[in-house]
Amino acid sequence: MDTKKKYNILAVDDAKDTLMLLEFDLGEEGYQVFTAESGEQALEVLEEQSIDLILLDMYMPGISGLEMLHKLKAHPIIFNTPVIMLSASDDEDQIVAALEFGADDYVTKPYIPKVLLARIRTSLRLLEKTLELESLAKTDFLTGIRNRGAFEDLASKAISQAKRSNHPLAVAMLDIDFFKAVNDNYGHDAGDKVLVEFADIICDCFRDNDIIGRVGGEEFAICMANTSAENALIACERLRERVARSEIQVDDSKDAKVSVTVSIGLSLGRGDEMSLEGLLKEADLSLYQAKHSGRNQVKLYQEINAVIADDIVDESPEISEDEYPGIDADIGIGNVLGDEDLFAEILVMFYEDHSKDSEKIQQAISSDDQPACKHLVHTLKGVSCSVGAMQLFELTKALDDAVSLEDKARYQQLYQPVAAELVKVLGGIEVRLSAQL
Ligand SMILES: Nc1nc2c(ncn2[C@@H]2O[C@H](COP(=O)(O)OP(=O)(O)OP(=O)(O)O)[C@@H](O)[C@H]2O)c(=O)[nH]1
């Protein structure tokens, strides 16, 4: 129990003398005491005051103690507030009924002050523990901001509210660019520091009532209630610039500073039809477009679905077509710190483990086995990067996103280019391996 905190206690009793006694005994102990002579009055006090604990008389005219208890425990906000029943009755059935209705404790009147005070302290201690656990369950352990569950919970409420009031709302998805390289070059601890600092920068750039959460490893989301498209774009652009300008100190001794950039996808709530799922999906698609257009930029959701697959297939990124089709041996060898023999072993493993992936993915898609599909595509994405098959990496990353979003139309479009690129990579590996013999 927080001994410095001044707790607010509401005493509800139709007997004025009991209320006076409670005010005196509890006031002496440092509690701020509010009083109500009926259930109706108590509800009014609860509307206006933040109350930490309620002492509730069992028998009162109007709303009875048990009815009141029922109302309190069904209330969306007050339900956690501890309630100690106070009653002249020591009838066992009454005590059991009160506890089963959700009372936290039961004290008979006339009460013994030091016993009542001890029971109040116990209830408040339990309340603190409950609040602490609730807060832990909602917080991302690394950055201290909301975790995915808490973000979704609050954002859903903000969306319902925006629908009721017909106010605009925007959702942004953020992903640090090339974050894997930060981990690879500076170590995982440095990566963690970047994530912490990045979360601080977001909190600094957005309003207190914007809902900010870490929704994945290096992915963050922001729900901006009551925000127009223009203002949401301005806020995201401000964040993008601020991140790009920042130098994050990741190692005290070596004076190592890391700069990162962020890609941001933004979607806008539109009247009655908006849902968190829909907005996150649109923001994710725009984020994908931001990544694909060169990263370090903000993209607003437009009808981009159809464009994406074509873009990827038509585009010839900076990946050079070298003598081993589909693989960039320099990148692959670089990934294993220049060890060419190890790289050759990895190529063999890739060949053995992934040459049938096209068929396996197609089978998972046609049997609608999303977990299997996700696993196959995700694994292929990771190993493509390891062997320097960067075009295959880009394509499987897009397919991976589509599978995660369960966007069937997109993964039907993306499957063919992935399969074709895999054939090319397998051919490239054959050439490379035979050249080494
Ligand atoms: N240090 C650290 N790294 C994490 C954490 N969660 C995820 N990651 C890393 O984040 C990286 C994400 O990499 P990718 O999804 O390949 O993407 P990227 O390198 O950021 O590249 P783009 O998103 O395409 O710009 C992986 O290396 C993960 O291991 C974390 O809590 N701490």
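This is a predicted model, so every value here is computed, not measured.

Here is what the cut-offs are and how they apply
Residues numbered from 1 in each chain as written. Predicted model: local features only at pLDDT ≥ 70, side-chain atom pairs only at ≥ 80, totals over all residues. Heavy atoms only, no water. Buried < 20%, exposed > 50% of the residue type's maximum accessible area, 1.4 Å probe, protein only. Helix = DSSP H or I, 4+ residues; strand = E, 2+ residues; numbered from the N terminus. Pairing = 2+ DSSP bridges. UniProt positions renumbered as here; feature names shortened; annotations may be inferred. Axes fitted to C-alpha atoms, helices over the stretch in contact; angles between N-to-C directions. Contact = heavy atoms within 4.5 Å. Core = buried A, V, L, I, M, F, W, Y, C linked by side-chain atoms within 4.5 Å. 1 Å grid on protein atoms, 1.4 Å probe; cavity = no way out; pocket = protein on both sides within 12 Å on 5 of 7 lines; lining within 4 Å. Points joined across faces, edges and corners; volume = space filled by probe spheres on them. Nonpolar A, V, L, I, M, F, W, Y, C, P; charged D, E, K, R; others polar. Parallel < 35°, antiparallel > 145°, perpendicular 65-115°, else oblique. Left-handed = near helix turned anticlockwise from the far one by under 90°.

**Describing the pairing of strand β8 (residues 219-225)**
Looking along a regular strand, one sees side chains alternate from face to face of the sheet. Counting buried residues in β8 gives 5 out of 7 residues, a clear majority hidden from the surface. Of the strand pairs in this sheet, strand β6 (residues 169-176) and β8 are connected by 7 bridges, and their pairing is antiparallel. Opposite Leu174, over in β8, you have Phe220 as the bridge partner. Examined bridge by bridge, strand β7 (residues 211-214) and β8 share 4 bridges and lie antiparallel to one another. In the sheet register, Gly213 faces β8, and the bridge partner there is Ala221.

**Digging into the UniProt feature "modified residue: 4-aspartylphosphate" (unreviewed entry) in the chain**
Taking the UniProt record as the reference, the feature "modified residue: 4-aspartylphosphate" (unreviewed entry) is found at Asp57. Turning to its location among the elements, Asp57 is positioned in strand β3 (residues 53-57). The class for Asp57 is buried, based on a relative accessible area of 4%.

**Description of the sheet that holds β7**
Judged by pairing direction, the sheet is mixed, and its 5 strands sit side by side in the order β7-β8-β6-β11-β12 without closing on themselves. Where the open sheet ends on each side, the last strands, each with one partner, are β7 and β12 (298-300). Taken over all neighbouring pairs, the strand axes of this sheet differ in orientation by 15° on average, direction set aside. Against the sheet, helix α6 (residues 148-165) contacts β6, β7 and β8, and its axis sits at roughly 150° relative to β7. Contacting β6, β11 (262-268) and β12, helix α10 (residues 276-292) crosses the sheet at an angle of about 145° to β11.

**Some remarks on the nonpolar core**
Ranked by internal contacts, the top residues of the largest apolar core, which has 35 residues, are Leu174, Ile202, Phe206, Met224 and Leu239. Of all the secondary-structure elements, those providing two or more residues to this core are β6, α7 (179-186), α8 (188-205), β8, α9 (229-245), β9 (248-251), β10 (256-258) and β11. Tallying contributions element by element places α8 first for this core, with 8 residues. Every residue in contact with Leu174, bar those within four places of it in the chain, is listed here: Phe198, Ile202, Glu218, Glu219, Phe220, Ile222, Leu239, Val262, Ser263, Ile264 and Leu287. Counting residues in hydrophobic clusters, the runner-up holds 34 residues, among them Ile346, Leu347, Leu392 and Ala398.

**Points about the layout of surface pockets**
Each pocket or cavity is described by its volume, and for the second largest pocket that value is around 710 Å³. Lining of the second largest pocket is provided by 28 residues; of these, Pro76, Ile77, Ile78, Phe79 and Asn80 occupy positions nearest its centre. Elements supplying a minimum of two residues to the lining of the second largest pocket: α2 (39-48), α3 (65-74), α5 (113-138) and α6. Here the residues of the lining of the second largest pocket sort into 13 nonpolar, 7 polar and 8 charged.

**Some details on the packing of α2 against α3**
Helix-helix packing is characterised by the crossing angle of the two axes and by the distance between the axes. One way to put it is that α2 packs onto α3 with a least axis distance of 10 Å and a crossing angle of 25°. On the basis of their axis angle, the class for α2 and α3 is roughly parallel. Along this stretch, α2 crosses α3, giving a crossing that reads as right-handed. The segment α2 lies against α3, with Gly39, Ala42, Leu43 and Leu46 engaging Met68, Lys71 and Leu72. A per-class count over the contact of α2 with α3 returns 5 nonpolar, 1 polar and 1 charged.

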